[in-house]
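Each chain, written out:
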Amino acid sequence: MPSMAPMSFNDVTSLKRNSTTANFDAPAAKKQNRGPLIHHKLNWLPTEAERHQSAPQDGESMDTLLERAIILALEAVGFAGADPRAIQAFRLEVEEYMLHLLGDVRQSMLISKRTQPTPGDFLQSLHTHQLLLRSLLPHLNPPVPPERAHIQLSPDTTSPIEHQISSNLFLSGAPNEQTRSYIPSHFPVFPSEHTYKATSELPSAERDPRKVRELVAEEARLGEAALRRLVGASSDLRTSDATQPGKGIKSMRAKRDDAWKEAMLAVTPGTDDWSKVSGMFAGFEGQREGSTSAGPAAGTSRMSADALGKDLLSEVKAERFDEFLHSLRAVAPLQDHVYGIPALDSLIAIFHTSGSGPPFAQQSHTSASKSSHAPGQPRPLLETRPPVLELAGATACSGKTQVLYHLTALMLLPQHHDNVPLKGKEAAVVLFDLSNTFSILRLHDIMLERISAAYLSANTSVDDALALIQSSLQHLHIYRPQSLSSLLSALDALESYLLSTPPAHLSAPRPLGLIALSNLSAFYWPARLEAEEAALNTDTSATNPQPLHQFLDQHRALVASLRDLQRTFDCPVVATNMTLSAPIYSPEGAKVRPHLPAVWNNFVTVKVVLQRDQVPRFGPEISVEEAEGERGMRWAAVEKAGFRGWVDWWGAEGWSEQERERVRRWKGMRFAVRHEGVVFM
């Protein structure tokens, strides 16, 4: 694409030749008329003090200077005064105009992949706003006297009292202010350290001899009273043991015997009679009852008991309680409906069901797990992990956000309300709105229509639908991060927020039903640009390699955070995304080349691509009258057209043959978007 040439003062459409191809030896008549040559200079020369003066950095000073410039401009055109509200409105208009102008400059700079703007960026911005360069000439000589146009960036506001305070070295903050060069010079005097640092105060020791003796005597009295209470308690215990000798010893011995019998019955299969088990350890029982006979038989029984105890202890596996619960998930039957949509739940069951294993059990495909399994040994338990679903849109308005609204409403609504089935999950939802497009009003309408339809089916009138929706929306936690780094920080702090004690939210009694990420590609290009700029600005020596893997490391951290949250809360994850490439059709199915790193694609259980049904366009030979006549039928066809979802076969090489066959038999997902929400067909 040819670069846009800068504009001249006389003609907007004039073209500027490249300096490398310009003929400077040509006659003067053939050269372009570039207008008068203008030399710019300052209307006043800054003093030596002003040259080393720092510009104000706070917003209040900038607003004051901008309002002063507006007042001078109004006086120059004949206004004698202005209302403060009018001045403020004028300033807001100027700020908005400058933001748009500088926004175009920044856009031109980023398109050219530069970190600093150039004059060409400003020329492009002027051209976008239809401004000629010659229209700026009158502003070089404004009708304002130079003495009034001259501004003082940081006036000297130091009072004599401040000079007097600063002369005292103990109360002066000048030494600390000198070490902080970033503080503007027009700010107030920096305070001394005693105004913001606490001075430690140690308790003073008692030096009066009489008071010291009194404190020592009081401590001795308290210690003697504690000893009397201890001796009295021990004497009472001895008295009770003397009245009933052997009762305490026998009771403890009986408890140990009962525990021993229960353990032996538990580890001895095929019998529930203690008499049969006691015969196996007769010698050991005699030794435990206090036999004092010494001989080879007693030693042999003791050694056999010790060996048996060691064998039993070696078979005991020690693990934490959370690890025990995590292992319990692999053997306990879990729910069959994860998302509440039959088409998606049947698809998820393909990848989360093994031939003999429980549902939602996923086996690790790493080489380490394969090598650790020896032939003839029992196969280890499958790794349990809730599913991760990615909804990708082949085109814009493909219905992925509408499906996300439907899933969120299902998770938030209760199962029953006033004995009316709402078929909800009654769980909490954490939503990361990365593109700031999630509408609470649309979610409110979908929940209201769903509640009204449920009550209508039950022939019951609903009175507190708005209160039910409000109480359900209290369990929706929305995060709107502005970058990929802030998203990672929010994910790291999510566990402590949800498990805070006391709870910092109202969702403590509810389980976490869903973690949703809306528009996962929102930070794709900014993160790529940030990684490339960091690679360019980093030393490429051997001791400091350039961060080429920063973009990949961020996505690895994203996957690790989501995996930890799934392990803690046992909840599914759904993410919406936009594809950047067209589908590739193959005999097995359609494939879409992913643009996110492979670590994310390996983390996703299955990827469903959503696409809107195409409505045939008008033919090229149709007239305007015919098109107007078919307007009603055309609109009916557009409303009737729905959406469909199909499985992305990219990366299907890792699927088993059974999974491939079951995916081929999957009927797909078809739905329509109506005012009441998503209607599945």
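Scroll up to find the structure.
Everything in this summary refers to the structure shown in the same document. (Residues numbered from 1 in each chain as written. Predicted model: local features only at pLDDT ≥ 70, side-chain atom pairs only at ≥ 80, totals over all residues. Heavy atoms only, no water.)

## A closer look at the overall build of the protein chain
Phase 1: In terms of regular secondary structure, the protein chain is built from 25 helices and 15 strands.
Phase 2: Looking at the 681 residues of the protein chain, the share that counts as buried comes to 28%.
Phase 3: If you take every contact in the protein chain between residues at least 6 apart in sequence, the share linking residues at least 24 apart comes to 69%.
Phase 4: Split by element, the accessible area of the protein chain, about 45,500 Å² in all, is 58% carbon and sulfur. (Helix = DSSP H or I, 4+ residues; strand = E, 2+ residues; numbered from the N terminus. Buried < 20%, exposed > 50% of the residue type's maximum accessible area, 1.4 Å probe, protein only. Contact = heavy atoms within 4.5 Å. Areas by Shrake-Rupley, 256 points an atom, 1.4 Å probe, with all protein chains shown as cover.)

## What to know about the pattern of salt bridges
Phase 1: Applying the stated criterion to the full structure yields 16 salt bridges.
Phase 2: For Arg480, the salt bridge identified is with Asp433, shortest N-O distance 3.2 Å. Separated by 47 residues along the polypeptide, Arg480 in the loop between strand E7 (476-479) and helix H19 (484-498) and Asp433 in strand E6 (residues 428-433) bring together distant segments of the chain.
Phase 3: Arg480 gets classed as partly exposed once you look at its relative accessible area, which sits at 39%.
Phase 4: Taking the relative accessible area as the measure of exposure, Asp433 reaches 0% and is therefore buried.
Phase 5: Arg664 is paired through a salt bridge with Glu661; the nearest N and O atoms lie 3.3 Å apart. Of the two residues, Arg664 and Glu661 both sit in helix H25 (residues 657-665), three residues apart, roughly one turn of that helix.
Phase 6: Taking the relative accessible area as the measure of exposure, Arg664 reaches 38% and is therefore partly exposed.
Phase 7: Linked through salt bridges whose partners overlap, the residues forming this network are Asp63, Glu67, Arg91 and Glu95. (Salt bridge = Lys/Arg side-chain N within 4 Å of Asp/Glu carboxyl O.)

## Regarding the side chain of Gln566
Phase 1: Within the secondary structure, Gln566 is located in helix H21 (residues 550-569).
Phase 2: A distance of 3.4 Å separates the side chain of Gln566 from the backbone oxygen of Pro386, its partner in a polar contact. (Polar contact = N/O pair within 3.5 Å; in protein donor to acceptor, adjacent residues only side chain to side chain.)

## Overview of a negative patch on the surface
Phase 1: A surface patch of negative charge is lined by Glu621, Glu625, Glu626 and Glu630.
Phase 2: Structurally, the position occupied by Glu625 is in helix H23 (residues 624-629).
Phase 3: Taking the relative accessible area as the measure of exposure, Glu625 reaches 62% and is therefore exposed. (Patch = residues over 30% accessible without salt bridge, like charges linked within 9 Å, V, L, I, M, F, W, Y side chains within 5 Å. Lys, Arg positive; Asp, Glu negative; His and termini not counted. Charge placed at Lys NZ, Arg CZ, Asp CG, Glu CD.)

## Overview of the sheet that holds E6
Backbone hydrogen bonds hold the strands of a sheet together, and the pairing may be parallel or antiparallel.
Phase 1: Spatially, nine strands are ordered E7-E6-E8-E9-E3-E12-E13-E14-E15 in an open sheet, and the strand pairing comes out mixed. Every other strand in the sheet has two partners, leaving E7 and strand E15 (677-680) as the edge strands with one partner each. Within this sheet the neighbouring strands show an average axis-to-axis angle of 25°, counted without direction.
Phase 2: Sheet analysis places strand E13 (residues 643-647) next to strand E14 (residues 669-674), joined by three bridges and oriented antiparallel. The partner of Gly645 across the bridge, within E14, is Met669.
Phase 3: Contacting strand E3 (388-393), strand E12 (606-612), E13 and E14, helix H14 (residues 342-351) runs over the sheet at an angle of about 150° to E12. (Pairing = 2+ DSSP bridges. Axes fitted to C-alpha atoms, helices over the stretch in contact; angles between N-to-C directions.)

## Focus: unusual backbone geometry
Phase 1: Cis geometry marks the peptide bond from Thr501 to Pro502, where omega comes out at 0°.
Phase 2: Tracing the backbone through its elements, the reader meets Pro502 in the loop between H19 and strand E8 (512-518).
Phase 3: You will see that Asp418, though not glycine, has its phi angle at about 55°, which is positive.
Phase 4: Mapped onto the elements of the fold, Asp418 is located in the loop between strand E4 (416-417) and strand E5 (420-421).
Phase 5: Here the phi dihedral of Asn419 falls at roughly 60°; this positive angle occurs in a residue that is not glycine.

## Comments concerning the packing of H19 against H21
Phase 1: In contact at an axis separation of 10 Å, H19 and H21 are set at 15° when each is read in the N-to-C sense. Between H19 and H21, the angle falls in the class roughly parallel. H21 is crossed by H19, and the crossing has left-handed handedness. Listed contacts from H21 to Leu484, Ser485, Leu487, Leu488, Leu491, Asp492, Leu494, Glu495 and Leu498 of H19 are Gln554, His555, Ala557, Leu558, Ser561, Leu562, Leu565, Thr568 and Phe569.
Phase 2: Here the residues of the contact of H19 with H21 are counted per class, giving eleven nonpolar, five polar and two charged. (Parallel < 35°, antiparallel > 145°, perpendicular 65-115°, else oblique. Left-handed = near helix turned anticlockwise from the far one by under 90°. Nonpolar A, V, L, I, M, F, W, Y, C, P; charged D, E, K, R; others polar.)

## Topic: the packing of aromatic side chains
Phase 1: Here the structure, examined in full by the defined rule, presents nine aromatic pairs.
Phase 2: Relative to Tyr479, the ring of Phe432 has its centre 5.2 Å away and its plane inclined at 25°; by these criteria the two rings are stacked. Taken together, the residues Phe432 in strand E6 and Tyr479 in strand E7 connect sequence positions 47 residues apart.
Phase 3: Judged by relative accessible area, Phe432 falls into the buried class, the value being 0%.
Phase 4: Look at Trp600 and Phe603: their rings are 5.7 Å apart centre to centre, the planes differ by 50°, and that puts the pair in the tilted class. Of this pair, Trp600 and Phe603 both sit in helix H22 (residues 598-603), three residues apart, which is roughly one turn of the helix. (Phe/Tyr/Trp six-rings, centres within 6.5 Å; stacked < 30°, edge-to-face > 60°.)

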